[in-house]
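# Coordinate analysis (summary)
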Amino acid sequence: MGRTALCPGTFDPVTNGHVDIIQRASRCFDAVVVGVLANPSKDPLFGLEDRVAMLKEAVSDIAGVEVASFSGLLVEYAKARGIGVVVKGLRGEGDFDFELKMAQMNQHLTGVETFFLPTNPQWSFISSSLIKEVVRFGGDVSGLVPPFVQDRLEERLAFGRE
Ligand code: PNS
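The next point concerns helix α1 (residues 16-28). In a regular helix each residue adds 1.5 Å, so 13 residues correspond to 18 Å; α1 covers 19 Å between its end C-alpha atoms and thus fits that length. Taken as a whole, α1 has its buried residues at N16, G17, V19, D20, I21, I22, R24, A25 and S26. On its buried side, α1 packs onto β1 (4-9), β2 (31-37), α2 (48-58), β3 (65-70), β4 (85-90) and β5 (113-118).

With that settled, consider a nonpolar patch on the surface. Residues L73, M105 and L109 make up a contiguous nonpolar surface patch of about 290 Å² in total accessible area. When you line up the elements, M105 lands in helix α4 (residues 93-110).

Core analysis: the biggest nonpolar cluster contains 34 residues, and I22, V34, L55 and V87 have the highest contact counts within it. Those residues in contact with L55 that lie beyond four places of it in its chain are F11, V14, I22, V34, V36 and V67.

Here we come to the packing of aromatic side chains. Note on aromatic pairs: each is described by the distance of the centres and the angle between the planes. Under the defined criterion, the tally for this structure stands at two aromatic pairs. Between F29 and F115, the aromatic rings sit 5.9 Å apart at their centres with planes inclined by 45°, giving tilted as the arrangement. Within this pair, whereas F29 is found in the loop between α1 and β2, its partner F115 is found in strand β5, the two being separated by 86 residues in sequence.

About the cut-offs
Residues numbered from 1 in each chain as written. Predicted model: local features only at pLDDT ≥ 70, side-chain atom pairs only at ≥ 80, totals over all residues. Heavy atoms only, no water. Helix = DSSP H or I, 4+ residues; strand = E, 2+ residues; numbered from the N terminus. Expected span 1.5 Å × (residues − 1). Buried < 20%, exposed > 50% of the residue type's maximum accessible area, 1.4 Å probe, protein only. Contact = heavy atoms within 4.5 Å. Patch = residues over 30% accessible without salt bridge, like charges linked within 9 Å, V, L, I, M, F, W, Y side chains within 5 Å. Areas by Shrake-Rupley, 256 points an atom, 1.4 Å probe, with all protein chains shown as cover. Salt bridge = Lys/Arg side-chain N within 4 Å of Asp/Glu carboxyl O. Core = buried A, V, L, I, M, F, W, Y, C linked by side-chain atoms within 4.5 Å. Phe/Tyr/Trp six-rings, centres within 6.5 Å; stacked < 30°, edge-to-face > 60°.

Any functional reading would require information beyond the geometric quantities listed.
Here's what the structure looks like:
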């Protein structure tokens, strides 16, 4: 059996930054499971089914990637799947503090290791939250998210409709 990595997140919605990390992780591991958190505290714009469907479409041309959902602790999901490595993207110092603590907590809980990939500078200013805010106020996010994600965002959030 080869090495599998778990790329977890809320993905509300998936951005080009996420796709880049998943693609690069897929080059470093034999397989990648993208784990979409089912019950985040963040009150997502898109329901779980929508977030999973958009991710599946976004990574459909990357070999060796499976999209799945999980609830509860990440480490329990990783253990149930027999996965020992989590891969996360780091955009900068702002991410580092919390990501480090989560990685250390996860390592403490079950021994799962976290590998950080530096975000491609092309995408380092993107977050799902910022993307939603820009679309909500009528801004153009083309080139920052897959085109079908942009369509879904505009359907939901287009300026003046909410
Ligand atoms: O895309 P996000 O919201 O930055 O992803 C955060 C995520 C889903 C990776 C993190 O919140 C998580 O792992 N949640 C599952 C619950 C859990 O294990 N919490 C303890 C973390 S130490």
